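Residue strings, one per chain:
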Amino acid sequence: MSKLLQGKLALVLGIANKWSLAYAIAEAFIREGATLTLSYLGERQKESVEELSRQWDVAAVLPCDVTKDEEMAALTASLRGLGRPLDAVVHSLAFANRDDLTRPFVETSREGFLLAQNVSAYSLVAVARAAAPLMSQGGSLTTLTYLGSTRVVPNYNVMGVAKASLEAAVRYLASDLGEKNIRVNAISAGPVKTASARAVKDFSSILESGPKRAPLRRNTDPAEVADTAVFLASDLGRGVTGNVLFVDAGAHVMGL
Ligand code: IMJ
């Protein structure tokens, strides 16, 4: 069978290590024949992303701090330098102050609120603006979200509000960019033990609920999140935009 992303150029933002959802997505994109460009945040991640990228067909490893307009402009310039159109972008990044994910939400400071919004939600708009001019043949922009955007999940707090904003941005970007045949979607993944989640208090007990509560009676596997990202980036997803797709073993449908 022909590969789903053969001949496509993709940018994946948000690989921190092998456990990142972005890493599973990069692996699946490679499996399906895509050429990758990867981004890293700061010098500390540079080495580890470059190290991980050596096993793949990677066209470029580029710096990208989504809070800096000059780095977004440099990202566009570097991608343009590759001399071929960009087909797909995966945005898999978020940040909130750790304190804001433990203290009661009502105690969130203005600064902490704006930080979470800036890195976790506005960054999708910044990435869309940086990438859209390069998607001359249309394209796909996919972000990662979580159920805490629409339901209260203990401790998710300021990230829940940022994810609500992110999901709304998905819809407005889909509306703006649709005329260029650029599709914008989010994948709402069930809990996965990534570096972002490991820091969460009682994460093990959250993972214990999957096999008991989820319709599929198990937790979410990063590989199935990645396969949905492949679908959205591929021609099979051509009619899908402005959507939030749950890849969570069905957990979101349950009332109790
Ligand atoms: C995060 C906090 C509270 C509950 C949580 C999570 N649950 C899940 C997560 C149930 C699944 C992970 N998640 C979906 C996230 O979006 C995490 C974002 C995040 C994590 C950290 C930890 C370390 C830090 N800042 C962070 N910022 C965002 O300093």
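Asker: Looking at this structure, I do not really get the packing of helix H1 (residues 21–31) against helix H8 (residues 222–233). What am I missing?
Answerer: Packed helices, taken two at a time, are described by the angle between their axes plus the distance between the axes. Two elements in contact, H1 and H8, have axes separated by 8 Å at closest approach and are oriented at 55 degrees. When the interaxial angle is binned, H1 and H8 end up oblique. Every pair of crossing elements has a handedness; the one defined by H1 and H8 is right-handed. Packed against H1, whose contacting residues are Leu21, Ala24, Ile25, Ala28, Phe29 and Arg31, the element H8 presents Pro222, Val225, Ala226, Asp227, Ala229, Val230 and Ala233 at the interface. Of the residues contributing to the contact of H1 with H8, the split by class is eleven nonpolar, no polar and two charged.

Asker: Explain the site of the ligand here, please?
Answerer: Neighbouring residues of the ligand: 16 residues in total, closest Ala96, Tyr146, Tyr156, Ser196 and Val200. One of the side-chain nitrogen or oxygen atoms of tyrosine 156 is found 2.7 Å away from an oxygen atom of the ligand. In the complex, 88% of the free accessible area of the ligand, which totals 610 Å², lies under the protein chains. In this structure, the ligand is accommodated by the largest pocket. Taken together, the residues of the shell around the ligand sort by class into 13 nonpolar, two polar and one charged.

Rules of the game
Residues numbered from 1 in each chain as written. Predicted model: local features only at pLDDT ≥ 70, side-chain atom pairs only at ≥ 80, totals over all residues. Heavy atoms only, no water. Axes fitted to C-alpha atoms, helices over the stretch in contact; angles between N-to-C directions. Helix = DSSP H or I, 4+ residues; strand = E, 2+ residues; numbered from the N terminus. Parallel < 35°, antiparallel > 145°, perpendicular 65-115°, else oblique. Left-handed = near helix turned anticlockwise from the far one by under 90°. Contact = heavy atoms within 4.5 Å. Nonpolar A, V, L, I, M, F, W, Y, C, P; charged D, E, K, R; others polar. Near = heavy atom within 4 Å. Polar contact = N/O pair within 3.5 Å; in protein donor to acceptor, adjacent residues only side chain to side chain. Areas by Shrake-Rupley, 256 points an atom, 1.4 Å probe, with all protein chains shown as cover. 1 Å grid on protein atoms, 1.4 Å probe; cavity = no way out; pocket = protein on both sides within 12 Å on 5 of 7 lines; lining within 4 Å. Sits in = over half its atoms within 2 Å of the grid points.

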